[in-house]
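Here is what each chain is made of, one letter per residue.
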Amino acid sequence: MRITAFLDIPGQDNLAPLARLEKYAFSDNIFNRQIIARGLLDVFRDFSHNEEDYLTVMAIVVRLSEDTEPTVRTELMEQIPPIAIFLQGSRPNFPTAFSEYLMPIVVRYLTDPNNQVRKASQESLLILLEQGLIAQSDIENKVCPILLDLSTPDSDDEYKVEAVNIICKMASMVNRSTVELLLLPRFCELCSDGKLFQVRKVCAANFGDICNAVGQEATEKNLIPKFFELCSDSVWGMRKACAECFMAVSYTISPEVRRSKLSPLFISLISDPCRWVRQAAFQSLGPFISTFANPSSAGLYIREDGTLSIRPSSPCLMGNNASSVLASSEQPVENKSDSLTEEPPTSCVPCSENSNSDARGGSSTIHANSGVEQTEWKQSNDFGPCVVKDIKDSQVNRYQGMNSSVHSAEDVFNTFLYWRRPLPDISQDLELLQCTEMHGESCSVSEALCNNCVASSEIKKVLQSLQEHMDDPDVQAQVQVLSAALRAAHLDSVSDYEVKQNEEANGSHKEEASSLDPDPSTMSESTLPSLRRQGKAITPSSITIMENMDPEEQHDGTKKVLEKEEDDPPLEEDKSKLQDIIPQPLLDQYLSMTDPARAQTVDTEIAKHCAYSLPGVALTLGRQNWHCLKDTYETLASDVQWKVRRTLAFSIHELAVILGDQLTAADLVPIFNGFLKDLDEVRIGVLKHLYDFLKLLHVDKRREYLYQLQEFVVTDNSRNWRFRYELAEQLILILELYNPNDVYDYLRHIALTLCSDKVSEVRWISFKLVVAILQKFYTHNANSLGLNFINELIMRFRHCSKWVGRQAFAFICKAVAEEECMPAGHFVEHLLPSLLSLASDPVPNVRVLLAKALRQTLLEKAYFRNVGNPHLEAVEETILVLQADRDQDVSFFATIKPKHNNVHNFT
């Protein structure tokens, strides 16, 4: 037995195994007792089958646990977890025996005076809890009481710190009810411990695990107030620990508490006077922002393996559901336009009761008080008599209807609704506007200001509803128009008051009105729609000036007006970074991480942390708010530190999934092209996920990278063979993205180059790439391309002057047979003769691989049984030649039989 092997001493009396075990377990020699404690697992394996011997060994273990030597107790404690795992599977009464014999030892050692013994007992306790070997009753009656006793205020400082550490770690391994009833009250007390900052620091470092263990309700009720205390602790290490676990705490609480309480608290940590606290806060800023994310509302979902994927689109109502809107943006442009024109819009609000209900009878343009177009609706040209108040009420109702239409299935903003051609005639609308100006004398200044405020508020509501669809270019243009209308309404509300005062003072309103009002019918039809599309207010004075100009002067004047409008920064420009997904101060702080001043005052690698968490922030904001991060992403992509660019390169494929094909083509493709020409440390990030990025692009855009793939073969350092290895692996995946002709024209050259690489690992993976290319050709019935490729392989490798090339040809043929990537008849006709000719190759390594290919692969796949006996005879003769080879390796592999018994017997 194994116990006698290390306890057998020559000259001793022949004792029974148990007697010898007991003798040396209590020997005066410390070394003997250590050996016994270290070999207890083997002892239990030998005696566990006998109940009486098993109990005797248990009694010896209990007595050995009382040894006065700390090293013996440490050895014993380290063996308890493996002994418990063994006994659980071999002893039917394990729970009882473990609870009576071994569990008291573990609990007693938690208060052992020796530090090393206590550390060993703590590690063993956590292992037993993690494996589920401790019964619930023992946890509540034995483990928790001793931990609570060690963590009392009057307990020893060292014991208290160790007990707090165990409580925090075991919280995630026991039942939630046990944690809430027994451990949570003591944890809250320890968070306010004023005697030892080490205790509070342990609580702060493990605060997120405790929150996750007790759940949302207990966290918000009991733990959040304590977390506020720790975040404002006078010791900077406490605040730093809180900043590091902020994301874990945020995941547990409700969105309302996260937004209202945790966000201001995090802002205070970012502005902390201690640099180390600010550094930890900025590192946790991106992960904290990601807790506001809702992937389902962004049209995405996270798979079980953690990867991000696009949620399949459904034919349900689109409405304001972000997932359906984002899914629709994945369709090609031409498909989207076809689908949008299938059904005409059904929502239309007539100006009066006498309006024609037929929506196809004509169309008109609705203007706000400022004369700026807000949107176009299909309705009748047959207007009834309208007064000023009716027109303004109609405008307000239309804006309310447009605001509600954003949430409907048929009125989502698209090109058919708002930018259809030809543009409608607006002459009747201009007449109504002139009539409105003539009747304006009967309206008070206060009423005009009130109506302008109503229109402005409605425009703001529409702008807010459009924020979800900012990825659509049509919606972006509509937002520009509405923004101009908002500015014009604001200016008109002031100018109307000034004009009224001037009219009352000078009494010249009628003369100015008669001189400024032109005939709308003489206005240029091409200029008015142009101004209307740009959101310009068409005033009578501007109409008169354009009427007196030549066509070229009119075009130049319009251009100058537009350029002036572009030069003047709009009022909404300052709000380009606004959104409503996360608290705006958090986003502002995140965007400031690219500021060089932050690197000087906070952390030199703060830009890298910003780049690392950017996909999570982008997922949180959604593609509709990509404009908030676009400038920051471009700044990071041009950072002077290659580590920052490398981080972005590794995650650009995930960001492409989040943004969709349109924004990817517009904003990510230029940055992707820049990464392709960067350092190898940055290019490897793009290369590792090259297939994942290219498959998200449109076919036309994807074909542009065919020629650029050849640039990956050249590296800054020729010894960087792993770069070329990764290229070959990616090309195997990329083959499915291109047609056989593109593969033959571009990817074939790369594969042949990699097959001749100096590093064998690169060559082996390249041979698999060659097989994948052949399979691509024959799967898509491009047999002529496959034949040309085979001939090139024969000329390049079979007749190569170097034996490595001829060996590569044998390996390629072996791989082709294994994958069965081409018909057997083509293989026999075009590859087999060249392969069999290698039997007379002067290099043994080539003949060895030939023997493997013939005996282990070709015959096993039964490639020749279906094509005729002449080929079988040729293979048989070649195998016999190889069996008689003088080289032992060649003859050995030639005699190995195929694995399957149903293969034809050649001997």
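Just above sits the structure.
Thresholds applied
Residues numbered from 1 in each chain as written. Predicted model: local features only at pLDDT ≥ 70, side-chain atom pairs only at ≥ 80, totals over all residues. Heavy atoms only, no water. Salt bridge = Lys/Arg side-chain N within 4 Å of Asp/Glu carboxyl O. Helix = DSSP H or I, 4+ residues; strand = E, 2+ residues; numbered from the N terminus. Buried < 20%, exposed > 50% of the residue type's maximum accessible area, 1.4 Å probe, protein only. Core = buried A, V, L, I, M, F, W, Y, C linked by side-chain atoms within 4.5 Å. Expected span 1.5 Å × (residues − 1). Bend = angle between axes of the 7 residues up to and from the residue. Contact = heavy atoms within 4.5 Å. Axes fitted to C-alpha atoms, helices over the stretch in contact; angles between N-to-C directions. Parallel < 35°, antiparallel > 145°, perpendicular 65-115°, else oblique. Left-handed = near helix turned anticlockwise from the far one by under 90°. Nonpolar A, V, L, I, M, F, W, Y, C, P; charged D, E, K, R; others polar. Phe/Tyr/Trp six-rings, centres within 6.5 Å; stacked < 30°, edge-to-face > 60°. Lys NZ or Arg CZ within 6 Å of the ring centre and 35° of its normal.

> How should I be thinking about the pattern of salt bridges in this particular structure?
It is possible for side chains of opposite charge to pair when their charged atoms get near one another. Counted according to the given criterion, the structure contains 26 salt bridges. Two residues, R200 and D233, come together in a salt bridge whose shortest N-O distance is 2.9 Å. Residue R200 is found in helix α12 (residues 197-205), and its partner D233 is found in the loop between α14 (216-231) and α15 (236-244); the two are separated by 33 residues along the sequence. Looking at D233, the relative accessible area reads 12%, which means it is buried. Across the pair K701 and E704 runs a salt bridge, and its minimum N-O distance is 3.5 Å. Judged by relative accessible area, which is 47%, E704 ranks as partly exposed. Counted as one network, the salt bridges with shared partners bring together R118, K119, E158 and E162.

> Explain the nonpolar core to me, please; I cannot follow it from the model alone.
Here is a general trend for soluble globular proteins: nonpolar side chains tend to be buried in one another's company. In this structure, M170, F207, F227, Y590 and L835 are the most contacted members of the largest nonpolar core, which totals 222 residues. It is helix α34 (residues 642-676) that contributes the most residues to this core, 16 residues altogether.

> Whenever I open this one, helix α7 (residues 94-109) confuses me. Can you help?
Count 3.6 residues to each turn of an α-helix, and residues three or four apart come out pointing the same way. The end-to-end C-alpha distance of α7, which contains 16 residues, comes to 21 Å, matching closely the 22 Å that a straight helix rising 1.5 Å per residue would cover. Helix geometry: α7 is bent most strongly at L102, by close to 40°, with proline P104 lying one to four residues after it. Residues F94, A97, F98, S99, L102, M103, I105, V106, V107 and Y109 constitute the buried set of α7. Check the buried side of α7 and you find it contacts α5 (51-64), α6 (70-90), α8 (115-130) and α9 (136-150).

> Explain the packing of α6 against α7 to me, please; I cannot follow it from the model alone.
Packed helices, taken two at a time, are described by the angle their axes make and the gap between the axes. Here α6 crosses α7 at 155°, and the two axes come no closer than 11 Å. When the interaxial angle is binned, α6 and α7 end up roughly antiparallel. As for how α6 packs across α7, the hand of that crossing is left-handed. Contacts between α6 and α7 involve R73, L76, M77, I80, I83, A84, L87 and Q88 from the first element and F94, F98, L102, I105, V106 and Y109 from the second. Looking at the contact of α6 with α7, its residues break down into 12 nonpolar, one polar and one charged.

> Quick question: what am I supposed to make of unusual backbone geometry here?
For residues other than glycine, phi is negative in most cases, and the peptide bonds are mostly trans. Look at N781: it is not a glycine, yet its phi comes out positive at around 60°. Looking at the element boundaries, N781 is found in the loop between α40 (760-779) and α41 (783-798). Positive phi values are uncommon outside glycine, yet E820 reaches one of about 50°. On the secondary structure map, E820 appears in the loop between α42 (803-819) and α43 (824-836).

> What is the right way to look at the packing of aromatic side chains in this model?
By convention here, two paired aromatic rings are described through the distance between centres and the angle between planes. Going through the model one piece at a time under the given rule, you end up with 19 aromatic pairs. When the ring of F44 is compared with that of Y54, the centres are 6.2 Å apart and the planes differ by 65°; the resulting orientation is edge-to-face. Of this pair, F44 sits in helix α4 (residues 40-47) while Y54 sits in helix α5, and the two are 10 residues apart along the sequence. Grouping residues by exposure puts F44 and Y54 together as buried. Relative to F207, the ring of F187 has its centre 5.8 Å away and its plane inclined at 55°; by these criteria the two rings are tilted. Highlighted residues: F187 in helix α11 (residues 176-191) and F207 in helix α13 (residues 207-214), separated in sequence by 20 residues. Both residues of the pair, F187 and F207, count as buried. Taken together, F187, F207, F227, F246, F266, F288 and F292 form an aromatic cluster joined through their ring pairs. Sitting over the ring of Y54, R91 keeps its end group 3.8 Å from the ring centre. The ring of Y744 carries the charged tip of R748 above its face, separated from the ring centre by 4.0 Å.

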